[in-house]
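As a plain string of letters, each chain reads:
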Amino acid sequence: GEEYSYTCDIWSLGCTLFELLTARPPYAEANPMIAVYKMTENLHPPLPPNCSSLAQQFLLCTWVRGDARP
């Protein structure tokens, strides 16, 4: 019933950047059902330790849950 927003597209952009930086999608170590659970329960995927602080800041800007946006 909610209007479409671009929140999920922005979240996906962050996941794509994560995969470009690590060569693995977020939660790649988990089975698909656990990965989906983690994506809905955690505030955001883990930040890649090997990327710059600027890249980490950008990822955090993309991984804002729709219910947390103003």
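What counts, and at which threshold
Residues numbered from 1 in each chain as written. Predicted model: local features only at pLDDT ≥ 70, side-chain atom pairs only at ≥ 80, totals over all residues. Heavy atoms only, no water. Disulfide = S-S within 2.5 Å. Core = buried A, V, L, I, M, F, W, Y, C linked by side-chain atoms within 4.5 Å. Buried < 20%, exposed > 50% of the residue type's maximum accessible area, 1.4 Å probe, protein only. Helix = DSSP H or I, 4+ residues; strand = E, 2+ residues; numbered from the N terminus. Contact = heavy atoms within 4.5 Å. Arc of directions from axis to C-beta.

Engineer: Any details on the state of the cysteines? Residues and values, ideally.
Structural biologist: Each disulfide is one covalent bond, formed between the sulfur atoms of two cysteines. Applying the stated criterion to the full structure yields 0 disulfides. With no disulfide of its own, C15 lies 11 Å from the sulfur of C8, the closest cysteine sulfur.

Engineer: Give me the nonpolar core: which residues, what numbers.
Structural biologist: The biggest cluster of nonpolar side chains holds 5 residues, and these are W11, C15, F18, L59 and W63. The leading source of residues in this core is helix 1 (residues 7-22), at 3 residues. Every residue in contact with F18, bar those within four places of it in the chain, is listed here: A23, R24, P25, P26, P46, P48, L59 and W63.

Engineer: So what's going on with helix 3 (residues 53-62)? Residues and values would help.
Structural biologist: Among all positions of helix 3, only A55, L59 and T62 are buried. Viewed along the axis of helix 3, the buried residues span an arc of 60°, placing them on a single side of the element. In helix 3, the exposed positions that point more than 90 degrees away from the buried face belong to S53, L54 and C61. Packed against the buried residues of helix 3 are helix 1.

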